[in-house]
Amino acid sequence: MSDKLGSPSRRDFLRQSLVAVPAVSLLGTSAIAQSQGGAAPATAGPAYTPHYFTAPEWEFIQAAVDRLIPSSEDGPGALELGVPEFLDRQMDDAYGHGGLWYMQGPFVPDTPPTLGYQLRFAPRDLYRTGIAAVDDWCQKQHNKHFSALPPEQRDEVLHGLEKGDIKLDQLPATAFFSLLLTNTKEGYFADPMYGGNKNMGSWKMIGFPGARADFADWIEQPGKVYPLGPVSIKGAKS
Amino acid sequence: MTRMKPVDVVIVGFGWTGAIMAMELADAGINILALERGDYRDTSPDFAYPRSADELAYGIRGGLFQPLARETITIRHTLDETAVPYRQYGSFLFGTHVGGAGIHWNGQHYRPSPEDMELESHITQRYGKKFMPEDMQIQDYGVSYDELEPFFDQFEYVCGTSGRAGNLNGEIKDGGNPFEGPRKREYPNPPVADNYAAKLFADAARTLGHKPFPQPSSNASQPYTNPYGARLGPCNLCGYCERFGCYMYSKASPQTTILPVLMRRSNFELRTNSHVTRVNLDNTGKRATGVTYIDAQGQQVEQPADLVIVAAFQMHNVRLMLMSGIGKPYDPKTGTGVIGKNYAYQMMSSIALFYDKDVAINPFASAGSGGNQIIDDFNSDHFDHGPHGFVGGGYILGGQTGGRPIQQLTLPPGTPAWGEKWKRAAKDSYLHTTGVQTHGSVMSYRDRYLDLDPTYKDSFGLPLLRMTFDWHDNEYKMTRFLTDRAQEIVDQMKPRQSAQTIRKPGDHYDTRQYQTTHTTGGVIQGKDPNTSALNNFQQSWDVHNVFVTGASAFPQNIGYNPTGLIGGLTYRSVKAIRETYLKNPGPLVQA
């Protein structure tokens, strides 16, 4: 792993990805300390240029996932593991286009929630509409875009969306928040080939062996700690 | 419209029951054509390692499921509501392509209890007719456990089922299920070794006087060659079972147990990308002349056939019967009509167990069914229901089916959904958490049924199937009773903390929460053409050259997973077709 904190690609990543936000507020001092000296260095890889998200959306995404799964002494955060890249790549997938869902009308959005998702938005539209609405709300309330708010205030906004206390005109805040959180966790825990979970950082943190998918020898040893680290689908080991 | 060359038998849908029908009829020397709307699919290359070990692609995005974009169902809770589409996967999962839902099942392979087959008669006899709520509409299958026993056995030997007999020819055996109906011989394979959580569960259950035993599993425990000559490999507890194809050739599916032999038969043809939209009838309406399907290019094709076997997934069977006008549609207001009648489901609850860091559960070392332990003390009518006031029951399972972190990470109650505390809980809990589940029956009711939706259409412009369903009091009582018994076992397992997920009175059916894919009914079998769509050989009462296989035939749901019963009913039906019907086409049972 040649990707040290001071390497050009790392610097480019920080410069390009954290345009409007001070680096410290996103990555936090503990994450930087860990990536310098810890056993599992955080590596950002080459800078990723989003295909779907616009520059302001990209700032929002990074600022949001950094609060949903922050970096801490327990392990890497969503930002270091490339969750924004995961999200952007998903938007261009059939999933992002709503291709996996039944999307024919009529739409009855005020149906009881137990009958499931009934909005006309495909995921990529939910992100586009939701981000603009939240940024607009933040601008009116705090005179700043979401990504420019300090971490505590970003948390407050996210809590407001989660509980539906923040009312957005364009769509239910809870629907947007719920998709953002669900996809963030997907990117955090999915195989690294989808752009998130770089170097299997989340799998190492919790102890999941990834795509090993063979425990015939271990089932006869109940209660013993499994000794091997994760592998990825493409064969990376850790 | 293109008209194809006539065949003797056309099979609609090529999952478990389509493959069984084709395989068993191939020996009769007739021409058999199976029409499958999806693509061809086989273990290699479609489920090959390491691509199969991809939680996002299969577990979350549903790579093996029917794309809902093209066709779904609509759902409402009561008769006076407007149904809305089931737009994203949640509470149940349709299969697609060759193998159907027989690819992504878990291999949990049960026989029903003898009383399940004659439930209405049994409950009436033991507790009196008043024991059942007025709108409960349970019925007998019209065939007994004893009549089905050879066919359950046949399907288990095809699947290479791993388990331990509890009742061998009436003799109760240690270590098996003492409540099961008598079986004539042992399972073809011994049980898969227990996972650690299953051991903890079995020890606790035994302490309480219950009778734990290995969950019957069509995850082969050792290399196995089935009666057709198909070979299965031993399960390696990879942790990618439900929602996934099995790269080890060990989970029974049409691909591992039947297709290697069937695909070589010269009198069998499989035509994929063929979406059947109707069973055609002659001008009397009493005889089917074949089917109409839409081919890969979107063209309508007529396929004449002497015999039509409707073998798609339960809901698709019901829809095809309604679209074809076979049998009178069910009317919930009058209780008359038979197609769409007695839709039922299952009700699960679960208890998560959180242990301290010195207990290594290793949740990833799991199979869909192999390695788990269950108790059957509170299923079917294995206990006196009198004091409890409900019909039905379920089994209680200890163990796990995988430790895939997106979907199977369980955190202690009170953990925030995100942020630093969520992450710490994920790190601290993952390796030290397991679960106990209850898997319970749902009865059938007058106001729970399936019909065609008046508004929503599929991608061909045909009406979607509409489900009208919600839980009833009987089921809330059932799940409360079962969950209380499970909690007693959990307490005995001595976790640091435990947390229940249970559906309580007042909770509506929630399409967002996975329950089971064990949806049943709609083309039910029985003794009387006024109250059932099929006779006990799964033959239409109305159109004798139409047979309908699968869980659509269940008059109400059982506490067990349905595949063993589906296989047994199919083997019995095809034997009658081969030995009786083909020689002398006509009703196999006189109405």
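Criteria and cut-off values
- Residues numbered from 1 in each chain as written.
- Chains lettered and ligands numbered in written order.
- Predicted model: local features only at pLDDT ≥ 70, side-chain atom pairs only at ≥ 80, totals over all residues.
- Heavy atoms only, no water.
- Helix = DSSP H or I, 4+ residues; strand = E, 2+ residues; numbered from the N terminus.
- Buried < 20%, exposed > 50% of the residue type's maximum accessible area, 1.4 Å probe, protein only.
- Contact = heavy atoms within 4.5 Å.
- Areas by Shrake-Rupley, 256 points an atom, 1.4 Å probe, with all protein chains shown as cover.
- Pairing = 2+ DSSP bridges.
- Expected span 1.5 Å × (residues − 1).
- Phe/Tyr/Trp six-rings, centres within 6.5 Å; stacked < 30°, edge-to-face > 60°.
- Axes fitted to C-alpha atoms, helices over the stretch in contact; angles between N-to-C directions.
- Parallel < 35°, antiparallel > 145°, perpendicular 65-115°, else oblique.
- Nonpolar A, V, L, I, M, F, W, Y, C, P; charged D, E, K, R; others polar.
- pLDDT = per-residue confidence, 0-100.
- Buried area = accessible area lost by both parts, 1.4 Å probe.
- Salt bridge = Lys/Arg side-chain N within 4 Å of Asp/Glu carboxyl O.
- Polar contact = N/O pair within 3.5 Å; in protein donor to acceptor, adjacent residues only side chain to side chain.
- Left-handed = near helix turned anticlockwise from the far one by under 90°.
- Arc of directions from axis to C-beta.

1. A look at the overall build of chain A
A tally of regular secondary structure across chain A gives 8 helices and 0 strands. Put simply, chain A has 238 residues, and 55% of those count as buried. Sequence-distant contacts, at least 24 apart, represent 62% of the contacts inside chain A between residues at least 6 apart. Accessible area of chain A: about 10100 Å², with a carbon and sulfur share of 54%.

2. As for the pairing of strand β20 (residues 449–457) of chain B
Residues and elements named next belong to chain B. Where β20 lies against strand β21 (residues 463–468), 5 bridges are found, and the strand directions are antiparallel. Residue pairing for β21: Leu452 is matched across the bridge by Leu465. Adjacent in sequence and paired antiparallel, β20 and β21 are bridged by 5 residues, among which Gly461 carries a positive phi angle near 85°.

3. Regarding helix α14 (residues 473–493) of chain B
For α14 of chain B, spanning 21 residues, the distance from its first C-alpha to its last is 30 Å, which sits close to the expected 30 Å at 1.5 Å a residue. Residue Lys494 of chain B follows α14 of chain B closely and has a positive phi angle near 55°.

4. Things to note about the packing of aromatic side chains
The tally for this structure, following the rule as stated, stands at 53 aromatic pairs over all chains. Considering the side-chain rings of Trp203 of chain A and Phe208 of chain A, the 5.3 Å spacing of their centres and the 85° angle between planes classify their relative orientation as edge-to-face. No difference in accessibility class separates Trp203 of chain A from Phe208 of chain A, as the two residues are buried. For the ring pair Phe215 of chain A and Phe364 of chain B, a centre distance of 5.0 Å and an interplane angle of 50° mean the geometry is tilted. Here the residue Phe215 of chain A occupies a position in the segment after α8 (201–206), and Phe364 of chain B occupies one in the loop between β16 (346–354) and β17 (373–375), the pair thus bridging two chains. The exposure class assigned to Phe215 of chain A is buried, which follows from its relative accessible area of 1%.

5. Details of the sheet that holds β17 of chain B
All names here are of chain B. Here 6 strands make up an open sheet; going across it, the order is β8-β17-β18-β19-β16-β22 and the pairing antiparallel. In this open sheet, the two edge strands, each paired with only one partner strand, are β8 (213–214) and β22 (497–501). Across 9 bridges, β16 lies against strand β19 (residues 433–441) in antiparallel orientation. Directly across from Ile351, in β19, lies its bridge partner Val436. Contacts from α14 reach β16, β17, β18 (394–399), β19 and β22, with the element oriented near 20° to β16.

6. So, the packing of helix α3 (residues 55–68) of chain A against helix α6 (residues 151–163) of chain A
For any two helices packed against each other, the geometry is given by the interaxial angle and the distance between the axes. Residues and elements named next belong to chain A. Axis separation between α3 and α6 bottoms out at 10 Å; the angle between their running directions is 85°. With respect to their mutual orientation, α3 and α6 come out roughly perpendicular. Residue-level inspection shows Ala63, Ala64, Asp66, Arg67 and Leu68 of α3 in contact with α6, the latter providing Pro151, Arg154, Asp155 and Leu158. Residues belonging to the contact of α3 with α6 are distributed by class as follows: 5 nonpolar, no polar and 4 charged.

7. As for the confidence of the model for chain A
Interpreting fine coordinate detail is not advised for predicted regions of low pLDDT. Summarising the model, chain A shows a mean pLDDT of 85, and 81% of its residues fall at 70 or more. Overall, residues 1–45 of chain A carries pLDDT values under 50, and its contacts beyond four positions in sequence, including any with other chains, amount to 69 contacts.

8. Examining the interface of chain A and chain B
Chain A puts 67 residues into the contact, and the matching count from chain B is 60 residues. Looking only at chain A, the three residues that lose the most surface to chain B are Tyr102, Leu115 and Ile219 of chain A, adding up to 15% of its buried area. Residue Arg424 of chain B pairs with Asp74 of chain A through a salt bridge whose shortest N-O separation is 2.8 Å. Joining chain A to chain B, the criterion identifies 32 residue pairs in polar contact (both at pLDDT 80 or more). Among the secondary structure elements, those contributing two or more residues to the side of chain A that touches chain B are α3, α4 (83–91), α6, α7 (173–189) and α8 of chain A. It is α7 of chain A that provides the largest number of residues to the side of chain A that touches chain B, a total of 7 residues.

9. What about the sheet that holds β20 of chain B?
Residue and element names in this part refer to chain B. The sheet built from 4 strands is open, its strands ordered β5-β4-β21-β20 with mixed pairing. Because the sheet does not close on itself, it has two edges, and the strands there are β5 (84–85) and β20. Bridge count between strand β4 (residues 73–76) and β5: 2 bridges; the pairing is antiparallel. When the bridges of β5 are listed, Thr74 appears paired with Pro85. In this fold helix α11 (residues 314–324) packs onto β4, β20 and β21, with an angle of close to 120° to the strand it touches most, β21.

10. Side note on unusual backbone geometry
With an omega dihedral of 0°, the bond running from Gly105 of chain A to Pro106 of chain A counts as a cis peptide bond. In this structure, Tyr249 of chain B takes a positive phi of about 55° despite not being glycine. On the secondary structure map, Tyr249 of chain B appears in the loop between β10 (231–232) and α9 (254–257). Judged by its relative accessible area of 35%, Tyr249 of chain B falls in the partly exposed class. Even without a glycine there, the phi angle at Ser380 of chain B is positive, about 45°.

11. Some words on the side chain of His385 of chain B
Residue and element names in this part refer to chain B. Considering the arrangement of structural elements, one finds His385 in the loop between β17 and β18. Exposure remark for His385: the relative accessible area of 1% places this residue in the buried category. A distance of 3.2 Å separates the side chain of His385 from the backbone oxygen of Ser380, its partner in a polar contact. The contacts of His385, once residues within four sequence positions are left out, are Tyr127, Phe131, Ser380, Phe390, Val391 and Gly392.

12. Let's talk about the packing of helix α7 (residues 145–159) of chain B against helix α15 (residues 563–581) of chain B
All names here are of chain B. Where α7 meets α15, the axes come as close as 8 Å, and the angle between the chain directions of the two elements is 110°. Judged by the inter-axis angle, α7 sits roughly perpendicular to α15. Here α7 and α15 pass one another in a crossing that is right-handed. Across the interface between the two elements, Glu147, Leu148, Phe151, Phe152, Gln154, Phe155 and Val158 of α7 pack against Thr563, Gly564, Leu565, Gly567, Gly568, Leu569, Tyr571, Arg572 and Lys575 of α15. In terms of residue class, the contact of α7 with α15 is made up of 8 nonpolar, 5 polar and 3 charged.

13. Thoughts on helix α13 (residues 420–429) of chain B
Along α13 of chain B, the positions that sit buried rather than exposed are Trp422, Lys423, Ala425, Ala426 and Ser429 of chain B. Relative to the axis of α13 of chain B, the buried residues are bounded by an arc of 160° and lie together on one face. Buried-residue contacts for α13 of chain B involve α7 and α8 of chain A together with β19 of chain B.

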